[in-house]
Amino acid sequence: MNCDQARAELEFYLDGELASDRTRELEGHVRACPECAGEVLRSVQWKRQVKAAGAMYSPSAEFRERMTRRLQKAPKKAWRWNWALAGACALVLAVFGFSMVRRSQERLVAEHTLSEVADLHVATLASASPVDVVSTDRHTVKPWFQGRIPFTFNLPELAGSEFSLVGGRMAYLRQAPGAELIFQIRKHQISVFIFQEHALDDGLGSLNGPSHQLTFNMNTWTQNGLRYVVVGDASGSDIASLSQLLKAAS
Amino acid sequence: MVGGYSIFLRQNIFLNGWNKAMPGRFTLEGVPEQHNFEALALPLLDQLYNFAHWLTQDRSEAEDLVQETYAKALKGFDLFQQGTNFRAWVYKILRNTFLTSRTGMRAATDQFDDEKADVILPPVKETPESLLVEKANRELLQKALAELPVPFREVVLLADVEEMSYQEIAETLGIPAGTVMSRLSRARVALRNLVRKKLEGAA
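Residues numbered from 1 in each chain as written. Chains lettered and ligands numbered in written order. Predicted model: local features only at pLDDT ≥ 70, side-chain atom pairs only at ≥ 80, totals over all residues. Heavy atoms only, no water.

Caption draft 1: Fine view of a nonpolar patch on the surface. Residue and element names in this part refer to chain A. A contiguous nonpolar surface patch, about 300 Å² in accessible area, is contributed by Leu93, Phe96 and Met100. Relative to the assigned elements, methionine 100 resides in helix 5 (residues 83-126). Judged by its relative accessible area of 43%, methionine 100 is partly exposed. (Patch = residues over 30% accessible without salt bridge, like charges linked within 9 Å, V, L, I, M, F, W, Y side chains within 5 Å. Areas by Shrake-Rupley, 256 points an atom, 1.4 Å probe, with all protein chains shown as cover. Salt bridge = Lys/Arg side-chain N within 4 Å of Asp/Glu carboxyl O. Helix = DSSP H or I, 4+ residues; strand = E, 2+ residues; numbered from the N terminus. Buried < 20%, exposed > 50% of the residue type's maximum accessible area, 1.4 Å probe, protein only.)

Structure, rendered in structure tokens:
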């Protein structure tokens, strides 16, 4: 492959749309050609810049809450406004003001804990030995944790999904020991952290659902007394489908 | 007071659970469809909103657009074929809804001519590629993105921000994959040229 061909196919290569034989040829050429290597680097940077610039808008908290509520509820029958209900509403409003204050404090702590989890994920990515137990087999990874952490968990069946298991390692959050599992999808690394909810000392409060930290997509929930946090640079929908698999397994 | 609150909450949860079970349609796994829709749709909220705001260039219009998209998707969820691409399906609904809105009609995507669109864009000037990448900051890029014609803007967003495959983009936009490739290439050149022009204007 010459430089002109390489430049012409670079765009498709970076979009992950180049056929595998052409990809091999292009990578071979780039390794041998410093000019094209420079071009690849610039193009990758450019693509990143466009991505960062394009992720510009996020929904307001109020709108997010409204949509979440709407999606969680089945189509509802019209409310019958009567006095009893109005009384109940007044009571709820009074308590609401009180709980808002507590809620916002809880939220701050939870945000802080989430960013700690994102840091753990970054530390794993940067680590020379990212996993302590290297295995794509869940039946090897799960027993490895026995005796190392004070609880057990179930790993999902990944056959038929795009995810693969890379391995696992120990993790600590708020001095509580837990499991970190590393999954891969299309070259994106995703960490799944599992801790005992009570050991986290309300560090994540009642936090539930998807969020962002740094540039990572995250998702968190509790199930059977265990707190799960999924974090990675994969898309929100990938994070969501891995979460679904995990939820179904436990 | 706090006790009253928690009782109210519990009752509310009970009612929600009951409502969810009511539609009476169940998938093979025995999960109510309602629940499935939520699990599929809710994680897309942030992305959908971002895309909607880029299309409409206005917060409240974007909110209306996302809300209408979810309403239509929920209504048409029966027509969605399980196992096919849910994301592309929802984006398609959002985009079609946008195109029938007043703002969207002005964008007039249907009559869009990729080749003619090149003409309205500034010609390539001197700034070398390396300087372009170095100097283009986020704000500049955002302004340039906003100035791109809608058909160019949306294809760049779907490819580079949503990281959709060409096939997904083709499904979303309802155009052949080959057209996706050529439109995306043109759109990227146009974006670079706009940034270039802004850099030279600023210099």
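Caption draft 2: Seen up close, the packing of helix 4 (residues 59-75) of chain B against helix 5 (residues 86-100) of chain B. All names here are of chain B. Two numbers describe how helix 4 lies on helix 5: the axes approach to 9 Å, and their chain directions differ by 125°. The orientation of helix 4 with respect to helix 5, classified from their angle, is oblique. Considering how the two elements wind past one another, helix 4 and helix 5 form a crossing that is right-handed. Contact with helix 4, carried on its side by Leu65, Val66, Glu68, Thr69, Lys72 and Ala73, involves Trp89, Val90, Ile93, Leu94, Thr97 and Phe98 of helix 5 and no other residues of that element. Tallied by class, the residues present in the contact of helix 4 with helix 5 amount to 8 nonpolar, 2 polar and 2 charged. (Axes fitted to C-alpha atoms, helices over the stretch in contact; angles between N-to-C directions. Parallel < 35°, antiparallel > 145°, perpendicular 65-115°, else oblique. Left-handed = near helix turned anticlockwise from the far one by under 90°. Contact = heavy atoms within 4.5 Å. Nonpolar A, V, L, I, M, F, W, Y, C, P; charged D, E, K, R; others polar.)

Caption draft 3: Local environment of the pattern of salt bridges. Throughout the structure, instances matching the rule amount to 22 salt bridges over all chains. Between lysine 47 of chain A and aspartate 15 of chain A there is a salt bridge, with its nearest N and O atoms 2.7 Å apart. With lysine 47 of chain A in helix 3 (residues 34-54) and aspartate 15 of chain A in the loop between helix 1 (3-14) and helix 2 (20-32), this pair connects stretches of sequence that are 32 residues apart. Here aspartate 15 of chain A falls in the buried class, since its relative accessible area comes to 15%. The residue lysine 47 of chain A makes a salt bridge to aspartate 160 of chain B at a minimum N-O spacing of 2.7 Å. Separated into two different chains, lysine 47 of chain A in helix 3 and aspartate 160 of chain B in helix 10 (residues 150-161) make up a pair that spans both. Given the relative accessible area of 4%, aspartate 160 of chain B is considered buried.

Caption draft 4: Region of the structure containing the packing of helix 3 (residues 45-56) of chain B against helix 4 of chain B. Residue and element names in this part refer to chain B. Packing of helix 3 against helix 4 leaves a shortest axis separation of 8 Å and a crossing angle of 130°. Our classification of the angle between helix 3 and helix 4 gives oblique. Crossing geometry of helix 3 relative to helix 4 is assigned as right-handed. Side by side, helix 3 and helix 4 meet where Leu45, Leu48, Tyr49, Ala52, His53 and Thr56 of the first sit next to Arg59, Glu61, Ala62, Glu63, Leu65, Val66 and Tyr70 of the second. Taken together, the residues of the contact of helix 3 with helix 4 break down into 8 nonpolar, 2 polar and 3 charged.

Caption draft 5: Looking closely at helix 11 (residues 166-173) of chain B. With respect to burial, helix 11 of chain B is a largely interior element, 6 of its 8 residues being buried. Inspection of helix 11 of chain B places Tyr166, Glu168, Ile169, Ala170, Thr172 and Leu173 of chain B among the buried residues, and these make up the whole buried set.

Caption draft 6: Spotlight on the environment of serine 161 of chain A. Residue and element names in this part refer to chain A. Within the secondary structure, serine 161 sits in the loop between helix 6 (138-144) and strand 2 (164-173). When its relative accessible area of 27% is taken as the criterion, serine 161 is described as partly exposed. A sequence separation of 80 residues divides serine 161 from serine 241, and the C-alpha atoms of the two residues are 9.3 Å apart. A distance of 3.2 Å separates a polar side-chain atom of serine 161 from the backbone nitrogen of phenylalanine 163. (Polar contact = N/O pair within 3.5 Å; in protein donor to acceptor, adjacent residues only side chain to side chain.)

Caption draft 7: How the structure looks around the state of the cysteines. All names here are of chain A. What the rule picks out here adds up to 0 disulfides over all chains. The cysteine cysteine 3 is free of any disulfide, with cysteine 33 supplying the nearest cysteine sulfur at 3.8 Å. The thiol of cysteine 36 is unpaired, and the distance to the nearest cysteine sulfur, on cysteine 33, comes to 3.7 Å. (Disulfide = S-S within 2.5 Å.)

Caption draft 8: Layout of the environment of histidine 212 of chain A. Structurally, histidine 212 of chain A can be placed in strand 5 (residues 209-213). A C-alpha to C-alpha distance of 9.9 Å links histidine 212 of chain A and aspartate 233 of chain A, two positions 21 residues apart in sequence. When near neighbours in sequence (up to four residues on either side) are disregarded, histidine 212 of chain A contacts Asn217 of chain A together with Asp46 of chain B. Here the side chain of histidine 212 of chain A touches asparagine 217 of chain A through a polar contact of 2.9 Å, side chain to side chain. Polar contacts involving the side chain of histidine 212 of chain A include one to the side chain of aspartate 46 of chain B, which spans 3.3 Å.

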